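# Results of the structural survey
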Amino acid sequence: MIRIVLPLHLRHLARVEGEVRLDVQGPATVSSVLDALEGRFPVLRGTLRDHASRKRRPFIRFFACEQDLSHDPSDAPLPDAVLRGDDPLLIVGAMAGG
Amino acid sequence: MSVVRLLVGTRKGAFILTSDGDRKQWDISGPHFAGWEIYHLKGSPADPDRLYASQTSGWFGQVIQRSNDGGKTWEAVGNQFAYDGATGTHQWYDGTQHPWEFKRVWHLEPSLDDPDTVYAGVEDAAIFRTRDGGRTWQELPGLRNHGKGHLWQPGAGGMGLHTIVLDPVHRGRLYIAISAAGAFRSDDAGQTWRPITRGLKSPYELPDPDAEVGHCVHRIALHPSRPDTLFMQKHWDVMRSDDGGGSWREVSGNLPSDFGFPIVVHAHEPETVYVVPILSDSMHYPPDGRLRVYRSRTGGNEWEALTQGLPQANCYVNVLRGAMSVDSLPSCGVYFGTTGGQVYGSVDSGDNWTAIVRDFPAVLSVEAQTLP
């Protein structure tokens, strides 16, 4: 079971409160977690990654265990603490600056 | 008694303002989709409780929302806008060719007679259509492929297809406008297109002032009883055509500035037109700090300032192209929103104005619905 924290606007869009908990088929990676997330909440399709290319949208970031996973291969295994459910995968809207 | 509903899109959400036919007291609901940019909301003429909204974000991209109950509840529908076939390229700022990239939906125009059919104008400029209530969207590629799409080049505000006008008499005829590319007409429901720019002159923006491509058309409007007469607010110049866009002539007349964004036609007087002059393209605020709507009752050229109830000192807001609309009650209400967050309304064709709200986020669009 993977714990996911969505940014506020996407929690509203998906109509969820708090963390999302998902069971992921096969190896848990950013890509497979997003597949499962979009499968459960189709409204999130296109909001995190491009419909066609499946690339992360430019201002979306993936954090876990105090690391930025955004630039790692999307099929890299998630950290063990995320796989165990000890730590969540944080999906973050990048800071705007200013 | 009739009800007027204003659909207001802002930088930070959508608002729905509702009043009875007196239009003195307004109920406000919202923000809907708080925190998101709402470029446009519009209701179906065939089913006014069917609303569509374009919800966008620099972080999270495009969402399309649909309501079946006049905005009380909403559901997200399809948000995939895939260009048809090979994506192709258009001119980029450095003169090279650049692939078309979908960024957002600027304008949603529901069909006149089918609530499930909607046209969408998008950036980078293209027109899409849904026939299943927004579940899926298909490009009408004849526009980009009409022959000179590769010459289109974004202006500073992006290359958005921001205006779609459906002709209620000549069915299948529609007009669109694109920032820094021009205006086009289709007579076959969007399959094929031709530019309608004869008579436009852009000496400050284009090396060839009367080029076919490149005019920055800000808005087009028509009156349903006289659909061959079009009014246009161009980057500079207010223009008029009496042959469905075949040729244009300038009707700026005595306006204090002929730069501006919106243009609308009175609900019952096809020769009565409204614009909001803005000082210039580099200023984007009203001349002399005075917010004035200008009305022509002669189809252009002769304009009168409408100031009663509008700030006449220290006002430096803008009124964007989609942020003005009219209702169809007998006295014709006129409404507009500003980048300062005010929504002004007039219940007497523009003679007198009151602020319906003063502190919304910057207003991007206003659409008036008149309900029985």
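In case you missed it, the structure is sitting above this.
Throughout what follows, the structure given in this document is the object of discussion. Nothing here was measured: the structure is a model prediction, and the numbers come from that model.

### What about the overall build of chain B?
Counting secondary structure elements, chain B contains zero helices and 30 strands. The C-alpha atoms of chain B give a radius of gyration of 19 Å, which matches the 21 Å a tight globule of 372 residues would have. Counting only C-alpha atoms and orienting by the principal axes, one finds that chain B spans roughly 50 × 45 × 40 Å. The proportion of buried residues among the 372 residues of chain B is 54%. Within chain B, residue pairs in contact and separated by at least 24 positions form 50% of the contacts whose partners lie at least 6 positions apart.

### Comments concerning the sheet that holds strand 7 (residues 75-76) of chain B
Pairing between the strands of a sheet is mediated by backbone hydrogen bonds and can be parallel or antiparallel. All names here are of chain B. Taken in spatial order, the four strands make up an open sheet running 4-5-6-7, and their pairing is antiparallel. This sheet does not close on itself; its edge strands, each paired only once, are strand 4 (37-43) and strand 7. Relative to strand 6 (residues 61-67), strand 5 (residues 51-57) runs antiparallel, the two sharing seven bridges. Each residue of the ladder has a partner; that of leucine 51, found in strand 6, is serine 67.

### Some details on the nonpolar core
Ranked by size, the top nonpolar core spans 127 residues in total, and within it Val8(B) and Val343(B) carry the most contacts. In terms of residue count, strand 15 (residues 174-178) of chain B provides more of this core than any other element does, five residues in total.

### Comments concerning the interface of chain B and chain A
With 13 residues of chain B in contact, the opposing surface of chain A contributes 12 residues. Looking at the side of chain B that touches chain A, the element that brings in the most residues is strand 6 of chain B, giving three residues. Looking at the side of chain B that touches chain A residue by residue, the class counts come to six nonpolar, seven polar and no charged.

### Describing the environment of Val24(A)
You can see Val24(A) is positioned in the loop between strand 2 (20-22) and helix 2 (30-40). Those residues in contact with Val24(A) that lie beyond four places of it in its chain are Ile2(A), Ser32(A), Val33(A) and Ala36(A).

Rules behind the numbers
- Residues numbered from 1 in each chain as written.
- Chains lettered and ligands numbered in written order.
- Predicted model: local features only at pLDDT ≥ 70, side-chain atom pairs only at ≥ 80, totals over all residues.
- Helix = DSSP H or I, 4+ residues; strand = E, 2+ residues; numbered from the N terminus.
- Rg over C-alpha atoms; globule rule 2.2 N^0.38 Å.
- Buried ≥ 20, exposed ≤ 12 C-beta atoms within 10 Å, placed from the backbone.
- Contact = placed C-beta atoms within 7 Å.
- Pairing = 2+ DSSP bridges.
- Core = buried A, V, L, I, M, F, W, Y, C linked by C-beta atoms within 7 Å.
- Nonpolar A, V, L, I, M, F, W, Y, C, P; charged D, E, K, R; others polar.

Without other data, these values stay purely geometric and don't point to any function.
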